[in-house]
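# A closer look at the structure
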Amino acid sequence: MSVANTSQLLIKNLDLLKAQTPLFINISADLFVEEYQAAYPDAQLSFYNHHYGEYLAHQKKQHDVQFSHQYTANKQHDVVVILFPKSKAELAYTLAMLNDVVTNETLIYFVGEKNSGVKSVEKLAKGFLQHCQKDDAARHCMLFSGCYINQTQPFNLDDWYKSYPVNVHDKTINVFALPGVFSQEKLDVGTRVLLEFLPDYSDASVLDFGCGAGVIAAYIASKDKNVTLSLADVSALALASAKKTLSQLNIKANFIATDSMSNITNAFDHVISNPPFHQGLKTHYQATESFLDNIVNHINKHGSLTIVANSFLKYQPIMGKRFNSVKQLIKANGFTVYSAKR
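Residues numbered from 1 in each chain as written. Predicted model: local features only at pLDDT ≥ 70, side-chain atom pairs only at ≥ 80, totals over all residues. Heavy atoms only, no water.

### Looking at the overall build of the protein chain
Selection criterion: Only DSSP runs of H or I covering at least 4 residues are called helices, and only runs of E covering at least 2 are called strands; the numbering of each starts at the N terminus. Put simply, the radius of gyration uses C-alpha atoms, and a globule should come to 2.2 Å times the residue count raised to 0.38. Each residue is assigned to one of three classes by its accessible area relative to the maximum for its type, calculated with a 1.4 Å probe on protein chains only: buried under 20%, partly exposed between the two thresholds, exposed over 50%.
Across its full length, the protein chain carries 10 helices and 16 strands. Taken against the 2.2 N^0.38 rule, which gives 20 Å for 342 residues, the C-alpha radius of gyration of the protein chain at 22 Å falls within 12% of a compact globule. Summarising its shape, the C-alpha atoms of the protein chain cover approximately 60 × 40 × 35 Å along the three principal directions. Counting over 342 residues, the protein chain shows a buried share of 53%.

### Things to note about the sheet that holds strand E12 (residues 254-257)
Selection criterion: Should DSSP find at least two bridges between two strands, the strands are taken to pair. The convention used is that axes are lines fitted to C-alpha atoms, helices contributing only their stretch in contact, and that angles between N-to-C directions extend from 0 to 180 degrees. Any two residues whose heavy atoms approach within 4.5 Å at even a single point are treated as in contact.
Judged by pairing direction, the sheet is mixed, and its 7 strands sit side by side in the order E12-E11-E10-E13-E14-E16-E15 without closing on themselves. Of all strands in the sheet, those bounded by a partner on one side alone are E12 and strand E15 (325-332). On average, each strand axis in the sheet is inclined to that of its neighbour by 15 degrees, with strand direction left out of account. Across 7 bridges, E15 lies against strand E16 (residues 335-341) in antiparallel orientation. Bridge pairing in E16 places Lys327 opposite Ser339. Its contacts with the sheet place helix H7 (residues 215-223) against strand E10 (205-209), strand E11 (228-233) and strand E13 (268-273), and it is angled at close to 175 degrees to E11.

### Section: unusual backbone geometry
With glycine set apart, most residues show a phi of negative sign, and most peptide bonds adopt trans. At His140, a position not held by glycine, the phi torsion is positive, near 60 degrees. Position of His140 among the secondary structure elements: in the loop between strand E6 (129-138) and strand E7 (141-148).

### Looking at the packing of helix H6 (residues 189-196) against H7
Geometry of a packed helix pair, given as the angle between the helix axes and the separation of the axes. Short version of the rule: Each angle is binned into one of four classes, with values under 35 degrees roughly parallel, values over 145 roughly antiparallel, values of 65 to 115 roughly perpendicular, and all other values oblique. The sense of a crossing depends on the near helix, which, turned anticlockwise from the far helix by less than a right angle, makes the crossing left-handed and, turned clockwise, makes it right-handed. The residue classification treats Ala, Val, Leu, Ile, Met, Phe, Trp, Tyr, Cys and Pro as nonpolar and Asp, Glu, Lys and Arg as charged. All others, Gly included, are polar.
At a minimum axis distance of 11 Å, the contact between H6 and H7 shows a crossing angle of 20 degrees. Judged by the angle between their axes, H6 and H7 are roughly parallel. For the crossing formed where H6 meets H7, the hand is right-handed. Side by side, H6 and H7 meet where Thr191, Leu194 and Leu195 of the first sit next to Val215, Ile216 and Tyr219 of the second. Along the lines of polarity and charge, the residues of the contact of H6 with H7 split into 5 nonpolar, 1 polar and no charged.

### Some points on the nonpolar core
The condition is simple: Nine residue types can take part in a nonpolar core, namely buried Ala, Val, Leu, Ile, Met, Phe, Trp, Tyr and Cys, and a core is a set of them joined through side-chain atoms within 4.5 Å.
The biggest cluster of nonpolar side chains holds 93 residues, and the ones touching the most others in it are Tyr36, Leu95, Leu98, Phe110 and Leu229. Sorting elements by how many residues they give to this core places H7 first, with 7 residues. With residues up to four places along the chain from it excluded, the contact list for Leu229 reads Val206, Ala217, Ile220, Ala221, Leu246, Ile251, Lys252, Ala253 and Asn254. In this structure, Ile295, Val296, Met319 and Val326 belong to the second largest nonpolar core, which totals 24 residues.

### Here's the deal with the UniProt feature "domain: Methyltransferase small N-terminal" (unreviewed entry) in the protein chain
How we decide: UniProt positions are given in the numbering used here, feature names are shortened, and annotations may be inferred rather than shown by experiment.
UniProt tags residues 7-164 as "domain: Methyltransferase small N-terminal" (unreviewed entry). Annotated as residues 7-164, this span is 24% helix and 30% strand, and its ends, taken at the C-alpha atoms, are 37 Å apart.

### Brief notes about the pattern of salt bridges
Spelled out, the test is: When a carboxyl oxygen of Asp or Glu lies within 4 Å of a side-chain nitrogen of Lys or Arg, that pair is called a salt bridge.
Evaluated as defined, the whole model comprises 7 salt bridges. With a shortest N-O distance of 3.2 Å, Lys244 and Asp158 are connected by a salt bridge. With Lys244 in helix H8 (residues 236-247) and Asp158 in the loop between E7 and strand E8 (162-168), this pair connects stretches of sequence that are 86 residues apart. Close ionic contact of Glu185 with Lys162 constitutes a salt bridge, the shortest N to O distance being 2.9 Å. Highlighted residues: Glu185 in the loop between strand E9 (171-177) and H6 and Lys162 in strand E8, separated in sequence by 23 residues. Lys162 sits in the partly exposed class, given a relative accessible area of 38%.

### Notes on the side chain of His50
Applicable threshold: Whenever a nitrogen or oxygen atom comes within 3.5 Å of another N or O atom, the pair is scored as a polar contact, on the condition that within protein one atom can donate a hydrogen and the other can accept it, and that pairs from neighbouring residues in sequence are kept only if both atoms are in side chains.
Topologically, His50 is positioned in the loop between strand E2 (46-48) and helix H3 (52-60). Residue classification places His50 among the buried residues on the basis of a relative accessible area of 14%. A polar atom in the side chain of His50 sits 3.2 Å from the side chain of Asn26.

### Some thoughts on the confidence of the model for the protein chain
This is how the line gets drawn: On a range of 0 to 100, pLDDT expresses the predictor's confidence in each residue.
Scored by pLDDT, the protein chain has a mean of 93; 96% of the residues are at 70 or more. Overall, residues 279-283 carries pLDDT values under 50, and its contacts beyond four positions in sequence, including any with other chains, amount to 3 contacts.

### Describing the packing of helix H1 (residues 5-12) against helix H2 (residues 31-39)
Where H1 contacts H2, the two axes come as close as 9 Å, and the packing angle between them is 15 degrees. Overall, the two elements H1 and H2 adopt an arrangement that is roughly parallel. For the element pair H1 and H2, the recorded crossing hand is left-handed. The residues of H2 that touch H1, namely those facing Ser7, Leu10 and Ile11, are Leu31, Phe32 and Glu35. Looking at the contact of H1 with H2 residue by residue, the classes come out as 4 nonpolar, 1 polar and 1 charged.

### Concerning the packing of aromatic side chains
Selection criterion: Whether two aromatic rings pair depends on their centres lying within 6.5 Å, for rings of Phe, Tyr and Trp, where Trp uses its six-membered ring; planes under 30 degrees apart make the pair stacked, over 60 edge-to-face, and the rest tilted.
Using the criterion set out here, one finds 14 aromatic pairs in the structure. Ring geometry for Tyr48 against Tyr71: centres 5.9 Å apart, planes inclined by 70 degrees, an arrangement best described as edge-to-face. With Tyr48 in strand E2 and Tyr71 in the loop between strand E3 (65-66) and strand E4 (77-83), the pair connects residues that are 23 residues apart, well separated along the chain. Given a relative accessible area of 2%, Tyr48 falls into the buried group. Look at Tyr55 and Phe67: their rings are 5.5 Å apart centre to centre, the planes differ by 40 degrees, and that puts the pair in the tilted class. In this pair, Tyr55 is assigned in helix H3 and Phe67 in the loop between E3 and E4, connecting sequence segments 12 residues apart.

Next up, the structure:
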């Protein structure tokens, strides 16, 4: 079994994590969980993960796990272990979210790779923690802890959405995004290029794959009122943001939590995506090929796939292996929009 470096550090510090009702946030369902259960068999473990793939892994092992944009519980936790998030803004959101399920005696632990920003946890968690300290460092990871400070103001989800307008042609879309969601502060360049050159999708069924905060689907619906929309993402935070964005425009859609293509079951006239593949060149192509191998089976005859990607990524020949025709719609600002048809 593959064990994350962060999990190895947690295993090394099991004696610090003893608890009756521990909560583990975004922690992998790997050997650490088994080691913890063996060390503390009477503990009532709870898990929260906003990544659908990790949620499925916990569910498969019959863990008490929630997949949501907000953790809720009818009990209070005496220890919480948090995997330090990629987005620093997400840390404050997570800590604020815990207010109703922890006490002033609850110990909060943070584990993360040294290059993840975990070293700045004391500064980032100011106002939520007291007595923050470094407990250990190993496997290129660090472990910090502090005592929770209960907040005087209750957690209000609406306070955490960032909103900004997106103006494309004669349309204005107000985007709402929670911390940790791609392009939370402003529209990314690639998506803007894609929106500028989108085909028309009138009277069609459209899947926005990797929907993020829902700006692509919202723009499509603002142009074509009779479109049938489905939005898919691996992140519960993204899906909640997309629902908020579309609800403000009274747009109805189907929302799908999916780990890659795991929950994509229908076929669509058109699929559109700003593919969330950002792990390096080799992974870019592997992830894209996997996506294309599967998505082609979910596009109706004469349907299309439209994606935007960094121009240095040679997607066109890869797409040409799966689709009858592939063309570039536009190349601008370092990005290329490709359209492929069955």
